[in-house]
Amino acid sequence: MGTQDRKDKGGAPEALSRRSFLSKGAAAGVGAAALTGATTAEANAQIKWDHTADVVVIGAGVAGLAAAITVRDHGGSVIAVDENYDIGGRGMLSGGRLHLGGGNAMQQKHGIKDTADQVYADWVRFDAGSARYSDRDLVRVFADENVATYNFLVENGVEFIDRMIGPEAASTIPRTFVTVEWHVPSELIAPGRNRNGSGLVRRLEASARKKGAQIFLRHKMTKIIREQDNSRRVIGIAAMNGSNAVNIQAKKGIIIATGGHTGNVNFRRTFDPRLTEEYQQACEPWVHQGADGELAAMELGASLWATAAQTREAGAAITKTRHIGCRWGYSSLVYQPESPMFRLARATGLTVEDWQDVIFVNQNGKRFWNEVDGSYNFFAACMAWNGDKSKLNGGGPIWAIFDADGAAREKWNTKPPNVDPDGFFFSADTIAELAGKIKNPYQKQPISGAVLQETVARYNSFVTAGADADFKKPTPLHKIEKPPFYAAWSTPILHDTLTGLRTNTNAEVMDIRGEVIQGLYCAGESQGGFAQHGLARCLTFGRVAARHAASRTA
Amino acid sequence: MATHSTAIELSEPVPAEVAAGTELVLKLKLTCAAGCDLHSLPLTITGPDHEAGASCHINDNGEIAIKVLPRVGPQSFTISFGPHEAAGIRHEPCSLPLTVNAIPHGTSLAVWDIPSPIVKGERFAIKVGAKSAADAELKGLEIAIVDNSDTVAARGRLRETPWPGTTALYWDEVELPAPAEEGLSRWSVRFAPAGLALPHDGTAAEFTAAIVPPPQHRLTVKVIEQQSKAPIEDVQIRLGAFRGATGPSGLAEVMMPTGRYDLQIWKAGYEAPARPVDINADLAVEIEAVVLPEEDPDAAWTM
């Protein structure tokens, strides 16, 4: 991969031989039963466990690391598995903004008065889109755990910038503060981009390992194993470490912390059929939000919860690409050439400072909305059906069109590594020629040169006249006329997962009949019911889940 | 000696149209009814003028290339094989006739540095450029600007070297007269290349410009920040077709004809409502712009 896997002090399992793979079975339970003719219970009894711990955490991101530490703090043994080659999940690439209040020490230091009751009251507000659809039982837990979670971070070595920010979102009191970026540049994934979340996850990792948590990287969970047919007790997981099958027993509990579903096209379309394959996921190629935890739990009958939060049309579920001309141009994330992810990301993108400098066209080469807008109305226009009879859902790619003057105003260098000419950035001598060059896996048919030329000519006439008669772009300023001309990928990019598995206030996963699936927990973006953007809910419910799991009887 | 029949088959259909004078890559297979591997054996291509056939081989991608003649219209080719005798086997001859419809190369245009507004009746200059889809040299070719009464308003001749930053956009600067009528005027740029080695289609493109009466009055706009009252530089000023930008002192001057206009400003990070202004003498206005909070992309919060 270009970087060394971080050492798993817990000890990754040795590569298993093919013989032991066949004797153990890659996925016990039904599969093994089918092979042997045994019942699920008998098959499960035949499972050979490669590792055992009190609690198994699936995912070593923000929620998973918090859970692993908390299990150790409560005297339990813990194995955290992560499919990636390194810890951190999307937290590693976050800005490190923590939304925790309740009257914590940072607030006190800055003279901010706050209480758990006020946190609760703010985050159940009916007039706040980010709060309206939450499960208030979970909000109460979150509110009551704010101070404890803050203290947990301090106790585990996380450092903060000494500044309070806000109030933000539903909060009426400043509750946001930022972690200090990790100090080892070689251990950053997005160096030089203020991805302060690295300071959160690296500190938690260090503490987790110091306290004896085992972290198995490059282990992809493939199944959650339950005790017997119709039982709700989960007893372990099957995972793949490369081509080697591994079974890990969980004597007390399993915590799903797999980071949400945004990258799984089929799963996300459950909530919004418009979200077809052309919409990329923020934080790829570093991590993929594949709904692994959700799917594994739903195979056991787990329920989703508070799905209205996912499509509330507020916040960062769908976002405007800020760095155009590359595949993953999420607003706060730029992969620089120094990033270990750069060979996969392939370009930094061109950062747009003023949307007056470009126009947007859809896959037919036509403008469709005011480019300055970044609201959900804009996203709806992006995803509108525009005549493709072969694909009715989704709107296809969105391309930013600009000219040499636009590039000069924005001070763009339109060459690699700033742009990805392999399907995401094109240049040409004329607009008509540019249309013919736009080729991309999601661009289902060529753009007509005549159509794109007419689109640009029409827009230029609006600039001449001083008013956008089609889409009311305020004060359309600049014609697109000076060669060469450019087309840059500017398709909306998806971010927050805001719904997931149903849990009770102990973060125990519940099934579609409202019953607890014994031993199964969920925290982080895979958990449904509290759709607050960011790290705080992941940390809080990671702790809540782990505390309860560790207290179970094995 | 054993005799095997053979066949030449296309793996992909021939494109409906191919630009004249280009190389057409065909994916095909040479097959033997008995299953012999014939792909290394030579084929013969006979062209539309029935000249002596050229020999070729199918490459590792299953392709051959045929040269389409530099003329427009249907062109017939025959791809032939054999007979071939070796190792006691005679592979019978076969052939595949095909017709390619050769079309002209496309051209496209760009028009830029169009001043706006333009005072009626005055002369103004624009730049026009033409590009061949085959990257052909277009220097010396004529380009015409036609007004909305279909009259040629000006002609240019494409210069020796392409416009900087382009691969083959040949260009000229052309001067033409503005119409006497005020309002939004349209012109068409027309390019009909002739005399090129490869046949090319002609093309056209439109551009517009606002035609205005002579400006008589000076409008001075000062833009300041609402709270601090500090001047704001680089603010775009717009009054319909008229425009300006503030300098370091926050001032912009725009010469305007008499009339009523909507004064709008724009600078990323600032906001001020549009306001009507009546111009019938020199006028100075001051606009207070509100600073929009700087967007922190990590603060993806909304209510």
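Computed from a prediction, not measured in an experiment: that's the story for all the values here.

### Remarks on the overall build of chain B
Thinking step 1. If you tally the helices and strands in chain B, you get zero helices and 27 strands.
Thinking step 2. Structurally, chain B occupies a C-alpha span of about 105 × 55 × 30 Å along its principal axes.

### Some remarks on the overall build of chain A
Thinking step 1. Tallying secondary structure elements over chain A gives 16 helices and 20 strands in all.
Thinking step 2. For 554 residues, the compact-globule estimate of 2.2 N^0.38 gives 24 Å, and chain A sits close to it at 25 Å.
Thinking step 3. The dimensions of chain A, computed from C-alpha atoms along their principal axes, are 75 × 60 × 45 Å.
Thinking step 4. Of all 554 residues assigned to chain A, the portion counted as buried reaches 59%.
Thinking step 5. Considering only intrachain contacts with a sequence separation of at least 6, the fraction spanning at least 24 residues in chain A is 72%.

### Remarks on the interface of chain A and chain B
Thinking step 1. Taken together, the contact pairs 38 residues of chain A with 35 residues of chain B.
Thinking step 2. Taken together, the elements giving at least two residues each to the side of chain A that touches chain B come down to α14 (431–437) and α15 (449–465) of chain A.
Thinking step 3. Partitioned by chemical class, the residues of the side of chain A that touches chain B number twelve nonpolar, 17 polar and nine charged.

### Notes on the sheet that holds strand β2 (residues 6–10) of chain B
Residue and element names in this part refer to chain B.
Thinking step 1. Spatial strand order, β2-β4-β7: three strands in an open sheet with antiparallel pairing. Taken across any chain shown, the strands that pair with only one partner, and hence form the sheet edges, are β2 and β7 (63–67). Taking the axes of each pair of neighbouring strands and ignoring which way they run, one obtains an average angle of 40° across the sheet.

### Quick look at the confidence of the model for chain B
Thinking step 1. Put simply, chain B has an average pLDDT of 93, and 96% of its residues get 70 or more.
Thinking step 2. Averaged over each element, pLDDT in chain B is lowest for strand β6 (residues 54–56) of chain B (87) and highest for strand β12 (residues 107–112) of chain B (98).

### Topic: the pairing of strand β19 (residues 203–212) of chain B
Residue and element names in this part refer to chain B.
Thinking step 1. The buried fraction of β19 is high, at eight of ten residues.
Thinking step 2. Pairing between strand β18 (residues 183–191) and β19: nine bridges, direction antiparallel. Each bridged residue has a counterpart across the sheet, and for Arg186 the counterpart in β19 is Thr208.

### Re the sheet that holds strand β21 (residues 236–239) of chain B
One key point about sheets: their strands pair by backbone hydrogen bonds, in either a parallel or an antiparallel sense.
Residues and elements named next belong to chain B.
Thinking step 1. The antiparallel open sheet is built from four strands, whose spatial order is β22-β21-β24-β26. Lying at the two open borders of the sheet, with one neighbouring strand each, are β22 (242–245) and β26 (275–279). For this sheet, the mean angle separating the axes of adjacent strands, direction not counted, is 30°.
Thinking step 2. Two elements, strand β24 (residues 259–266) and β26, share five bridges in a ladder whose sense is antiparallel.

### A short note on the domain arrangement of chain A
Residue and element names in this part refer to chain A.
Thinking step 1. Along its sequence, chain A is carved into domain 1 (25–90 + 191–313 + 497–550), domain 2 (97–178) and domain 3 (318–494).
Thinking step 2. Put simply, the middle of domain 1 and the middle of domain 2, counted by C-alpha atoms, are 25 Å apart.
Thinking step 3. Facing the 27 residues of domain 1 at the interface are 23 residues of domain 2.
Thinking step 4. The set of elements that each furnish at least two residues to the side of domain 1 that touches domain 2 consists of α8 (197–210) and α16 (535–550).
Thinking step 5. Considering only residue class, the side of domain 1 that touches domain 2 consists of 14 nonpolar, nine polar and four charged.

### Points about the environment of Gly21 of chain B
Residue and element names in this part refer to chain B.
Thinking step 1. Within the secondary structure layout, Gly21 lies in the loop between β3 (18–19) and β4 (23–32).
Thinking step 2. With 177 residues separating them along the chain, Gly21 and Leu198 place their C-alpha atoms 6.3 Å apart.
Thinking step 3. Among residues more than four places away in sequence, those in contact with Gly21 are Val68, Leu69, Pro70 and Leu198.

### Regarding the nonpolar core
Thinking step 1. Formed by 162 residues in total, the largest nonpolar core has its most connected members in Val55, Ala67, Ile254, Ile255, Tyr521, Ala523 and Ala545 of chain A.
Thinking step 2. Of the residues forming this core, the biggest block, ten residues, is contributed by α16 of chain A.
Thinking step 3. Ile255 of chain A has contacts with Val55, Val57, Ile58, Ala67, Tyr521, Ala523, Ala545, Ala546 and Ala549 of chain A, leaving out every residue within four places of it along the chain.
Thinking step 4. By size, the runner-up hydrophobic cluster in this structure holds 30 residues, among which are Ile118, Ala168, Tyr170 and Ile211 of chain B.

The rules behind the values
- Residues numbered from 1 in each chain as written.
- Chains lettered and ligands numbered in written order.
- Predicted model: local features only at pLDDT ≥ 70, side-chain atom pairs only at ≥ 80, totals over all residues.
- Helix = DSSP H or I, 4+ residues; strand = E, 2+ residues; numbered from the N terminus.
- Rg over C-alpha atoms; globule rule 2.2 N^0.38 Å.
- Buried ≥ 20, exposed ≤ 12 C-beta atoms within 10 Å, placed from the backbone.
- Contact = placed C-beta atoms within 7 Å.
- Nonpolar A, V, L, I, M, F, W, Y, C, P; charged D, E, K, R; others polar.
- Pairing = 2+ DSSP bridges.
- Axes fitted to C-alpha atoms, helices over the stretch in contact; angles between N-to-C directions.
- pLDDT = per-residue confidence, 0-100.
- Domains from an automatic or database assignment.
- Core = buried A, V, L, I, M, F, W, Y, C linked by C-beta atoms within 7 Å.

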